[in-house]
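# Tertiary structure, described
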Amino acid sequence: MAPNQNIVDMAQARQRSSVNPGKLHAFLWGGENEWQARKRIVSILASDPAFDKSRRPYLSRTELYQRGLAMAKRVFELKDQYGWSSGEVLLAFRLIDEPLPMLLHNAAFEPVIESQGGPALKEKVGQLVAHRGIIGCYLQTELGHGTNVASLETTATYLPDTREFELHSPTLTSSKWWVGALGKTATHGVVQARLILPSGQDVGPHLFFVQLRSLDDHRLLPGITAGDIGPKALAGYAAVDNGYARFDHVRIPRENMLSAFASVTPDGQYVHPPHAKLSYGGMLYIRSTMVTAAGSAIAKAATISIRYATVRRQGVKGADGLERQVITYPSVYYRLLPPLAHAYVLLLLGRNLAAAFADMSARLAAGDTSALAEIHATTSGLKARATALAIADAETARRSMGGHGFSEFAGVGRLYADYLPAATFEGDNFVLDQQVVRAALKAHDALAARGVAGLTPSSAYLRLLIAPDGLVPLRAGAGEHWREPRTAVLLLERRAAALVRERAAHRDGPDASADQRVARAVTDAFVAVQVREIVEALAGGGTVGGREAEQLRKVYVLHLLTTVESGLEDILSFGLLSAAGAGQGDPSRGLRLAIKELSESLLPEVIGLTDGFGFTDWELDSALGRYDGNAYEALWEKTKTEPLNKTEVTAGYEEHIKPLLQRGQRQASRSKL
């Protein structure tokens, strides 16, 4: 029997790679202990029937929801069986490759109560929350308002006579909407509502702990109307019961206000928080976790598409009698290698951001709010940029696989559908751009008075505005010049500085795309500095060294160069890049050639680099992205699971197809007469 060419091609590609994927696992996932925990939990989940994925494409939405509940229940059974820590439970949920209702309890409800709940509330419900004796959700978004939290309409009026808050939905548009787990699952929720004092003063949105359903029979409590908002676009988030809720003068005790920072005294006096934005902490926490999630989504899409492009052959046959592997075509590797680089950047960046958020939370607990503004600006920019990249990269990966990429069995379309709402939840990306711009303009205005000493990591690029040669055009030719990270980093910082200066000069009359371009430039500059530091750490012999460090350096430089390329419109508009000599033509040619050369040097390494993510076939659930490369046979076998193929003659033949054929045949016969 002739060898399976797909398997041969994958094996040879793996042999060509010089990197040791095992060293990359620890590098990407936070250390050897973290990687081993991940590997151990994946093995347990993959072998458990509760997490079998073979029938998933054929289930109805109701069946997917029920399956999601069963998986959540099983995770906690496994926790008891194996003695998992709370961190390992959260890891298990992240490793299940589809959104589940319970995720909102983990990602929003519990962290917000822990960080912003008062002592009395945490004493009352803390253990129930931790052990899932109650299931929670986070009710912020409304039918009429989402990202604009300041304009939410739900009210919480304090009644000093009974020492209660009365929650009320005064309008249709005040209905809570899109809330994960609210539709059918959650028993309790943290509600964002406008606090109304006895004097009638509205002091803006605050957080309140509210019971939604009975713990005896799961029925909604009096005064609460709630349900599921219906199916989502592209069948995404099918297992999650995104819900709506309205409150009709629902009363809760005073201690149910999350009062770690702001509170109301028994007689109705308002105690101001140390910072006006502290109630947004829950949203900032979720944004801080979204960078790693974006990196993981891109990593999966890149792994599947690069593996398939390695075994897919198309075109003119070579001397070996085989068609060319499509990964070797410039039009393919130019699309797939940047997402690979994005994943390597975002996975590390997400870990850094999580650490920064933890540091800020510790400071807040001690009454120090100095880091809040910086974290707000950073998470706003990174959330918008990372999610936009992940959505674009997933679609790029899917389209790179040609017609087969449209198959459910490819695995990328499902990933795309589930990831797509990330562009709008926890802050619409276009609105977040405005927040990034506001922070940038504030830093710009303070520069004259405070100088560079007042700059933060997210605004450090502004130093170039007062440096003598800060915005001098870079004379860039081809060659090694572009392979030095500092070249791209400096250019991206100059682009950000020039755009912010221009935006400040026209703050009363910006063009329609100004905020989007400024926010992207500012975030790209911040990320570029982080990437430069990663490259410098590699040179210092950190977690990885040798061949792995050499190839990783190329990956990170590729990210920098393709980021510069994506910003050329602004870079050239401001004259920040010039040709190496007089009459040299396109000043960006050297950059583009460097990208091509760097990509080609990485081609022998791409399978080793994707193996570095450590995804199993169970995690990817892709016929085309199998570890062994056996794509065509896997796709063929998948067709046998299609219910339509259980019978040779479809059930609709007698009722629909046969009458249609007979009608056409009769008319054809008459037309011959």
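To start, this report covers the structure provided alongside it. Worth saying up front: this structure is predicted, and the values here are computed from it rather than measured.

### Description of the environment of Met283
- Within the secondary structure, Met283 is located in helix H8 (residues 281-311).
- Exposure remark for Met283: the relative accessible area of 4% places this residue in the buried category.
- Separated by 148 residues in sequence, Met283 and Val431 have C-alpha atoms that sit 14 Å apart.
- Excluding residues within four positions of it along the chain, Met283 makes contact with Tyr138, Gln140, Val149 and Glu426.

### Description of the packing of helix H4 (residues 61-82) against helix H5 (residues 86-95)
- Between H4 and H5, the least distance of the axes is 10 Å, while the angle of their chain directions is 145°. With respect to the hand of their crossing, H4 and H5 are arranged in right-handed fashion. Touching Ala72, Val75, Phe76 and Lys79 of H4 are Val89, Ala92 and Phe93, all from H5.
- Tallied by class, the residues present in the contact of H4 with H5 amount to six nonpolar, no polar and one charged.

### Some points on unusual backbone geometry
- The backbone of Ala235 shows a phi angle near 65°, a positive value even though the residue is not glycine.
- Positionally, Ala235 belongs in the loop between strand S7 (224-228) and strand S8 (243-247).
- The phi torsion at His249 lies on the positive side, around 55°, for a residue other than glycine.
- Assignment of secondary structure puts His249 in the loop between S8 and strand S9 (250-253).
- Classification of His249 as partly exposed rests on a relative accessible area of 42%.

### Some points on empty space enclosed by the protein
- All told, the structure shown has three cavities of 30 Å³ or more when counted by the stated rule.
- Its boundaries defined by the atoms lining it, the largest cavity holds a volume of some 100 Å³.
- If you trace the largest cavity, you find 14 residues lining it, with Arg385, Leu389, Asp524, Val527 and His559 closest to the centre.
- Elements represented by at least two residues in the lining of the largest cavity include exactly helix H9 (330-365), helix H10 (372-400), helix H14 (514-539) and helix H15 (546-566).
- Sorting elements by how many residues they give to the lining of the largest cavity places H10 first, with four residues.

### Concerning the pairing of strand S2 (residues 155-159)
- Where S2 and strand S3 (residues 164-168) come together, five bridges link them in antiparallel fashion. Bridging from a neighbouring strand, Ala156 pairs with Leu167 of S3.
- Direction of pairing for S2 relative to strand S5 (residues 188-196): parallel, over a ladder of three bridges. Each bridged residue has a counterpart across the sheet, and for Thr155 the counterpart in S5 is Arg194.

### Section: the nonpolar core
- Among the nonpolar cores identified, the biggest contains 134 residues, and Tyr344, Tyr556, Leu561 and Phe613 are the most heavily contacted of them.
- Leave out the neighbours within four places in its chain, and Leu561 touches Trp482, Ala488, Leu591, Ala594, Ile595 and Leu598.
- Counting 28 residues, the second largest nonpolar core, distinct from the first, contains Leu182, Ile224, Ala245 and Val250.

### Quick look at the sheet that holds strand S4 (residues 176-179)
- Strand order in the open sheet formed by three strands is S4-S8-S7, with antiparallel pairing between adjacent strands. Looking at the sheet topology across the chains shown, the edges are occupied by S4 and S7. Strand-to-strand twist of the sheet, defined as the mean angle between neighbouring strand axes without regard to direction, takes the value 15°.

### A closer look at the side chain of Ser305
- Among the secondary structure elements, Ser305 is positioned in helix H8.
- Using a relative accessible area of 1% as the deciding quantity, one classes Ser305 as buried.
- Leaving out residues up to four positions away in the same chain, Ser305 has contacts with Leu336, Ala397, Ser400 and Met401.

How each quantity is defined
- Residues numbered from 1 in each chain as written.
- Predicted model: local features only at pLDDT ≥ 70, side-chain atom pairs only at ≥ 80, totals over all residues.
- Heavy atoms only, no water.
- Helix = DSSP H or I, 4+ residues; strand = E, 2+ residues; numbered from the N terminus.
- Buried < 20%, exposed > 50% of the residue type's maximum accessible area, 1.4 Å probe, protein only.
- Contact = heavy atoms within 4.5 Å.
- Axes fitted to C-alpha atoms, helices over the stretch in contact; angles between N-to-C directions.
- Left-handed = near helix turned anticlockwise from the far one by under 90°.
- Nonpolar A, V, L, I, M, F, W, Y, C, P; charged D, E, K, R; others polar.
- 1 Å grid on protein atoms, 1.4 Å probe; cavity = no way out; pocket = protein on both sides within 12 Å on 5 of 7 lines; lining within 4 Å.
- Points joined across faces, edges and corners; volume = space filled by probe spheres on them.
- Pairing = 2+ DSSP bridges.
- Core = buried A, V, L, I, M, F, W, Y, C linked by side-chain atoms within 4.5 Å.

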